[in-house]
Every structure is written in structure tokens, then in C-alpha cells.
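Results of the structural survey
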Amino acid sequence: MATKFDLNAFLGVQSLAGTLNLRLLSVKDNDKEIRLSFVGEGYDGVATEMYSKTSSNHGWVLNKWMKVFNIAKPTKAKSAKDVEMWIVKHLKDAIGETVLCEVTGKADIGDDLYNVVTKLSNS
């Protein structure tokens, strides 16, 4: 019986998995969420992490991103929207930076979309 041809193995493509240094590719911001997308050299796929603007319990995600990307606190913010705008501006400035991430699994959609959690380098 012939074995099935594995195109990814033949091309040397590795799927995103485990704890990796990934490069921030994009920052998407809309009325409902802020979504960060990451890629890794030599890996196939895109990994994303998101902050929900509709959840009152998601502020910890922004706090973590501030630490991961070394973003100062927005001391003049008067609302959650001000904080979100401040962080999005600085995240967009960080596009291209490489950070430690844990790929937590395959997303429910697409062949090469993964879920990721950014990590502080010492955690």
C-alpha cells in the first residue's frame, strides 16, 4: 500500500505549535474587538489573540499586552475607549516586533489559523 504524499513535509513546512517567538503581523481594531495576528519564520499559518470590547472582564488582556509590548500606561485616559485607542496606537507601532507566544490550538475556521496567547518572556 502506498503512503499518502505529505506536501507540507516535502516542502519543509511546519505548523504552528507550542511556545514560539512570533512576529506581530497586524493589529485589527473594530467596534467589538482588537485582534493581533502573528506569524513565525519557517512556520505555516497565522496565529491570533483577541481582546473583546464587549466584555467587562477583558481588561487584563490589555494589561498583559502593555507588559508584553512595553507600552506605558495612558495616564490621561478618561474612558475605556481612550485606553483602547492608546493601546491600539502603540500596538500598531509594534508591528514587526517578535514576542514569545504559546500556540494553544487550531482555530475553528480555516486550515492555517491558530489561537495564541502572548506571554511575558519570563512567564
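The structure displayed is predicted, hence computed values, not measured ones.

Looking at the nonpolar core
Counting 26 residues, the largest nonpolar core has Leu22, Leu36, Phe38, Trp65, Phe69 and Leu91 as its most contacted members. Among the elements of the structure, strand E2 (18-29), strand E3 (33-39), strand E5 (46-52), helix H2 (59-68), helix H3 (80-93), strand E6 (98-106) and strand E7 (113-118) are those that each provide at least two residues to this core. Counting residues per element, this core draws most heavily on H2, at 5 residues. Those residues within four positions of Phe38 in sequence are excluded, and the remaining contacts are Leu22, Arg23, Leu24, Leu25, Gly45, Val46, Ala47, Phe69, Val99, Cys101, Val116 and Thr118.

What to know about the pairing of E7
With burial as the criterion, only one face of E7 is covered, namely that bearing Tyr114, Val116 and Thr118; the residues Leu113, Asn115 and Val117 on the opposite face remain uncovered. One ladder, built from 3 bridges, connects E5 with E7; its direction is parallel. Pairing of Val46 across the sheet is with Leu113, part of E7. In the sheet, E6 pairs with E7 via 5 bridges, with the strands oriented antiparallel. The residue bridging Gly105 from the neighbouring strand is Asn115, located in E7.

Some details on the packing of H2 against H3
Two numbers describe how H2 lies on H3: the axes approach to 11 Å, and their chain directions differ by 35 degrees. Classified by chirality, the crossing of H3 by H2 is left-handed. Packed against H2, whose contacting residues are Leu62, Trp65 and Met66, the element H3 presents Val83, Glu84, Ile87 and Leu91 at the interface. Residues belonging to the contact of H2 with H3 are distributed by class as follows: 6 nonpolar, no polar and 1 charged.

Thresholds, definitions, all that
- Residues numbered from 1 in each chain as written.
- Predicted model: local features only at pLDDT ≥ 70, side-chain atom pairs only at ≥ 80, totals over all residues.
- Heavy atoms only, no water.
- Core = buried A, V, L, I, M, F, W, Y, C linked by side-chain atoms within 4.5 Å.
- Buried < 20%, exposed > 50% of the residue type's maximum accessible area, 1.4 Å probe, protein only.
- Helix = DSSP H or I, 4+ residues; strand = E, 2+ residues; numbered from the N terminus.
- Contact = heavy atoms within 4.5 Å.
- Pairing = 2+ DSSP bridges.
- Axes fitted to C-alpha atoms, helices over the stretch in contact; angles between N-to-C directions.
- Left-handed = near helix turned anticlockwise from the far one by under 90°.
- Nonpolar A, V, L, I, M, F, W, Y, C, P; charged D, E, K, R; others polar.

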